[in-house]
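Per-entry structural report
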Amino acid sequence: RLLPLRLFHPPRGSSEREVGRRVKVRNFEFGRQRRRRRRAERWCGTKAIAREPAPTRTAKMSLDFSETYKRTGPTPVFSPDGRFLATAVEYRLVIRDAETLTVCSISSCLDRIHKIEWAPNSDHVLCACYKRGVVQCFSVSDEKWTCLIDEGPAGCVHARWSPNGTHILTVAEFNVRCSVWSLLDKSVVYLRQPKHADRGIEFSPNGKFILVVERRECKDHVSVVSCASWTTAARFQVATTDLADATWSPDGTAIAVWDAPTTHSLHVYRPDGVKLASYAPSSGGASCAGVRVGAWCPRGGLLATGSLDQRARLFSHVSWRMLAELAHPDAVVFPTTVAVYREVEEVDGALVDSPHPGALLDDDDDDDDENDAGAANDTALGVGGGRGESTWWEDVWDGHEEGFRAKHPAANPPPESSERRSRDPPPRPPQRAGRVTARYVVEPLPASVPTRRPRLTGRSAPAVGVGALAFSGDGRFLATKNDCQPTTVWVWSAISLELCACLQQLRPVTSFGWDPTAHRLAVATGDSRVYVWTPEGASFVEIPLPNFAAEEVAWSPAGGEFVLADGDTFCCSFFGQD
């Protein structure tokens, strides 16, 4: 943005020295703006672009949807190359083509599948059956190749691939040990007593090392293990009271650790144990509000944390100083270029912008929790109607594979028991009577944000603070969600460190995620709509599928496609060509 040219006329009677001082002050103001822009470029590792005013209209968007398919357990997972989509249907692993959604292969496991993870080569798939304590692996290109890992009496609560795809890590129950299984020579190496099962165990970006958080003699330690020999390269004690998580920086030169939410402390170490920086808020109310979640910018320039005090903090990877404290206020006042999008509904032409019953932000209905729990128990015991008499194969097979039933005996399973068929689907959002239409309204500033009062005690106290944050694929934008404002998603600029947009939905946000290849943010609220924000504006699309409520969003690594998951079904959405 070009700066306006203004002629400076010295007042009468001014000396040359005074005139020179005033010109120097003016040039200093212009130079400070240039230095801010250059600092932002160094922090984010990307070229800063002049920020334009936010649009005052919603963006046009074209989305195509597939039909629904059955799924149970984990959310469908795309392969790293974006070619395949893996889903679980009870104890069967179904591999589909990501573009046509035709079935490529079906494999059977020993028990119900709890986790699915692709190997980095996009050819092998890991299926974890935690109830039985086993992990099974299958190959897409070779249906005869299988692998079975049985932890025996130790059990299994977590499993994952190594970056090179030749080892599988499993964590036993009660975090007794972390086992490293080799798929090449069938050997196993044990890492003793990890503190957490699904946290505090992470590979370095280059895959040469793995950090493991340990708890010994009531003190937290971090062990850095070499993946070549699986021996300890470094072990050091960290200055935390109760370490919650640890993560590598994208360049592998630093390890960030933070304490449990009861204590707000963030520490950064080198892999050899040298402390680089520490942060703790000043004394006051914020000192007892700890970190809930942390994430690195994909380019490594920033470290973002979300805390219980309803603030997100950004730290520089160069100086390890806090650059910005992103607050989530009850009203959006600044900057003046921010766009606040509020979802409203019209019933038979009459504007109705309040949330549905059951989605209100007040928590005054805690006395009815026991009645709700009783109704849920009745549902779990089989009281009520079922979904129908169709078998799993009718939901998996799409009718385009000739002779598929003959090659796979699992295509004709024995009839299911009535106890399994009697399980009810998850509750749907209440429906309004009449013709319902929805749209986004751009609110003038100052714009209020629906906020509920934080409550840390009680039988059913809700979550508090910033519990979710995610950087865009290039690290230019940051999306956050404050659990005290469950219907709102905040979008920040990682370059100017200012608020870009605020999306206010009618219902609580259940999931959101960025397109890995574009500046597109998809949001789901457990309703029949999917919301998308881009720098050009915000919009949403009605999902043309009956009785489908999108609760989870998962993008394809190739971009342009994402999965919308319901309680027991899923569909794929593709961006059309404008």
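Residues numbered from 1 in each chain as written. Predicted model: local features only at pLDDT ≥ 70, side-chain atom pairs only at ≥ 80, totals over all residues. Heavy atoms only, no water.

1. Points about the sheet that holds strand E17 (residues 219–226)
As a reminder of what qualifies: Only when DSSP finds a minimum of two bridges between them are two strands counted as paired. Here a strand is any run of E in DSSP of at least two residues, a helix any run of H or I of at least four, and the numbering for each starts at the N terminus. In this analysis an axis means a line fitted to C-alpha atoms, helices contributing only their contacting stretch, and an angle means the value between N-to-C directions, from 0 to 180 degrees.
Spatial ordering of the open sheet is given by E15-E16-E17-E18, a layout of four strands whose pairing is antiparallel. Unpaired on one side and paired on the other, strand E15 (201–203) and strand E18 (232–237) mark the two borders of the sheet. Each adjacent strand pair in this sheet contributes to an overall mean axis angle of 20 degrees, direction not counted. Here three bridges tie E15 to strand E16 (residues 209–216), and the two strands are oriented antiparallel to one another. Note that in E16 the partner of Glu 202 across the bridge is Leu 211.

2. Observations concerning the packing of aromatic side chains
As a reminder, the rule being used: Note on aromatic pairs: the rings of Phe, Tyr and Trp (six-membered ring only in Trp) are paired at centre separations within 6.5 Å, and the planes decide the class, stacked below 30 degrees, edge-to-face beyond 60, tilted for the rest. Each residue is assigned to one of three classes by its accessible area relative to the maximum for its type, calculated with a 1.4 Å probe on protein chains only: buried under 20%, partly exposed between the two thresholds, exposed over 50%. For a lysine, the NZ atom is tested; for an arginine, the CZ atom; a charge sits over a ring if that atom is within 6 Å of the ring centre and within 35 degrees of the ring normal.
This structure, assessed with the given rule, holds 16 aromatic pairs. Aromatic side chains Tyr 69 and Phe 570 sit 5.7 Å apart centroid to centroid with 35 degrees between the ring planes, which places their arrangement in the tilted category. Remark: Phe 570 occurs in strand E42 (residues 569–575) and Tyr 69 occurs in strand E2 (residues 69–70); sequence separation between them is 501 residues. Considered together, Tyr 69 and Phe 570 belong to a single accessibility category, that of buried residues. Where Tyr 440 meets Phe 540, the ring centres are 5.4 Å apart and the plane angle is 80 degrees; that geometry is what we call edge-to-face. With Tyr 440 in strand E30 (residues 436–443) and Phe 540 in strand E39 (residues 537–542), this residue pair connects regions lying 100 residues apart in the sequence. Exposure class is identical for Tyr 440 and Phe 540. Each is buried. Taken together, the ring pairs in this structure connect Tyr 341, Tyr 440, Tyr 531 and Phe 540 into an aromatic cluster. When the ring centre of Tyr 69 is taken as origin, the NZ or CZ atom of Arg 96, which lies over that ring, is 4.1 Å away.

3. As for the confidence of the model for the chain
The predicted coordinates ought not to be read in detail in places where the model reports low pLDDT. Selection rule: By definition, pLDDT measures how confident the predictor is in each residue, and it falls between 0 and 100. In this analysis, two residues are considered to be in contact whenever any of their non-hydrogen atoms come within 4.5 Å of each other.
Residue-level pLDDT values for the chain average 79, and 71% of them are 70 or greater. Taken as a whole, residues 43–58 scores under 50 in pLDDT and shows 41 contacts with residues more than four places along the chain or in a different chain. Taken together, the stretch residues 355–360 has pLDDT below 50 and engages in eleven contacts with residues farther than four places along the chain or on a different chain.

4. Some remarks on the environment of Gly 526
Along the chain, Gly 526 turns up in the loop between strand E37 (521–524) and strand E38 (529–534). Using a relative accessible area of 14% as the deciding quantity, one classes Gly 526 as buried. For the pair Gly 526 and Glu 551, spaced 25 residues apart in sequence, the C-alpha to C-alpha distance is 4.3 Å.

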